[in-house]
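Architecture at a glance
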Amino acid sequence: MRQLLLRPGAEELNYEIRGIVKKARMIEELGYDITWENIGDPIQKNNVIPDWMKEIVAGLVQDDHSYGYADSKGMMATRKFLASCNNQKGGVQIGPEDILFFNGLGDGIAKLYQFLIPTARIIGPSPAYSTHSSAEAAHANTSPITYNLDPDNSWYPDMDDLYNKVKYNSSIVGILIINPDNPTGMVYPREVLDRFVEIAREFNLLLIADEIYQNITYNGYEAIGLSEILGKDLPGISLKGISKEFPWPGSRCGWMEFYNKHTSEEFSKLCTTLENAKMIEVCSTTLPQLAIPKIMSHPDYNAYRKKANAAIGTRSRIMEEVLGGVKGIKFNKTKGAFYNTVIFDEGVLDEHQSLPVSDQRVRNYLDKWLQEKEMPHDKRFVYNLLASEKICVVPVSSFCSDLRGFRVTLLEENEDVFRDTFERLAKSIGVYLNSSKKVLANH
């Protein structure tokens, strides 16, 4: 080309969660069924949308107004409804002008980082959700800045690590919290959230909370919202959506809630810039916005969500039963969202391990995939698992982490299929680790 096309940092955009699908499709085309554990799409895992919810959407489709533009910031009635939902928690109070809709939360996340100056950094958790870490890295033209989540402490944040990184890096202007967390399934207790607030207050930082899974918790755990612990003196943004909760991922409907805009001129300017960007775009999708108040205020909604959460909780206990005693891995109970991240013990992986692959065509694919240079050891396991058991998971190394492991979902509605998947996975872990002479000698 006459000139370079890509800006520095653009190559940091990576989404292995969907990237591995390309390889799985190659095997699928050979006639095999793939067990998809790579992405949090409840619909793909046979989630059945209740009839009353479908009737609400079907009714809105009959209304001509659902085909028109929305207000640039979002439908006023929906923003009023969501502001009321937040205010009932008793924390930071907001109005409809403090809410801004996007075409999916991913769209909102991209725009949030897009308008920050490259030297303004947002520190986020590691393992990191790729949409955040990639967008942050791309805007800064370098690798993302992260604080560690500790697999030896229920995946809670290493607060000393966070504090020191904030203290000695003046470019950090904000802290990202994902609660409940993707990819670990951890839910922050109040004392952890209070510590985030203390650090933000000490260094005058913006707090951003991705809370799209806030109403998906189980086994006695509940998520505490950012607005409940923020206080009146700190700026904050909550990121929310309906993709997982209804679930309606194909609607691409998410929003930001701005807290305490008055506390910072710079924060107020950021909020205004995001609103202006949406006006240039005109608006976000109308139909799902119209559906939100009708669905969330429906008399069956809370019972529906409670039942769905309980089912995920049951599957989390099945997963614990199957994987909890497997040697060579660290396993933590899942508390929220519908993911679990499994970490291999240090030193148990090497480049010589493998799983049996009977189909030579698949074997040829695997051999080609394994030629990738400097491949992390957990990625080797993931490729072997895909080729051998046709189970598609995501390596933890793709979540901006030095840990080695994989992420799975708890979405399969059929409990027999769910148990079978994880029994095959557990067996594969044992076979894979024992395929190395090095591991056999040391363990």
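This text follows the structure it describes.
Residues numbered from 1 in each chain as written. Predicted model: local features only at pLDDT ≥ 70, side-chain atom pairs only at ≥ 80, totals over all residues. Heavy atoms only, no water.

The helix and strand inventory of the protein stands at 15 helices and 14 strands. In terms of overall dimensions, the protein has a C-alpha envelope of 60 × 55 × 55 Å along the principal axes. Counting over 443 residues, the protein shows a buried share of 57%. Pairs at least 24 apart in sequence give 72% of the contacts found in the protein among residues at least 6 apart. (Helix = DSSP H or I, 4+ residues; strand = E, 2+ residues; numbered from the N terminus. Buried < 20%, exposed > 50% of the residue type's maximum accessible area, 1.4 Å probe, protein only. Contact = heavy atoms within 4.5 Å.)

With 75 residues, the main nonpolar core has I237, L323, F344, F381, F406 and I429 as its most contacted residues. At 7 residues, the largest contribution of residues to this core is made by helix α14 (residues 415-433). With sequence-adjacent residues up to four places away left out, I237 is seen in contact with L112, L206, L207, I208, A209, L226, M256, E257, F258 and F267. Of all hydrophobic cores here, the second largest spans 54 residues; its members include I94, Y163, M186 and L234. (Core = buried A, V, L, I, M, F, W, Y, C linked by side-chain atoms within 4.5 Å.)

Sizing a probe to match a water molecule and rolling it over the atoms shows the empty space that remains. Counted by the stated rule, this structure contains 2 cavities of 30 Å³ or more. In this model, the largest cavity occupies a volume close to 80 Å³. Residue lining of the largest cavity: 14 residues in total, with G124, H132, S133, I145 and L176 positioned closest to the centre. Each residue belonging to the lining of the largest cavity can be placed in one class, and the counts come to 9 nonpolar, 4 polar and 1 charged. Taken as a whole, the second largest cavity holds about 30 Å³ of empty space. Lining the second largest cavity are I177, N179, L193, A209, E211, I224, L226 and I229. Residue composition of the lining of the second largest cavity, grouped by class: 6 nonpolar, 1 polar and 1 charged. (1 Å grid on protein atoms, 1.4 Å probe; cavity = no way out; pocket = protein on both sides within 12 Å on 5 of 7 lines; lining within 4 Å. Points joined across faces, edges and corners; volume = space filled by probe spheres on them. Nonpolar A, V, L, I, M, F, W, Y, C, P; charged D, E, K, R; others polar.)

Time to look at the packing of helix α2 (residues 51-61) against helix α10 (residues 286-296). The contact between α2 and α10 brings their axes to 10 Å, and the two run at 135 degrees. Considering the angle they form, α2 stands oblique to α10. Judged by the twist between their axes, the crossing of α2 over α10 is right-handed. Of the residues in α10, those touching α2 at W52, M53, I56, V57, L60 and V61 are L287, L290, A291, K294 and I295. The residue inventory of the contact of α2 with α10, partitioned by class, reads 10 nonpolar, no polar and 1 charged. (Axes fitted to C-alpha atoms, helices over the stretch in contact; angles between N-to-C directions. Parallel < 35°, antiparallel > 145°, perpendicular 65-115°, else oblique. Left-handed = near helix turned anticlockwise from the far one by under 90°.)

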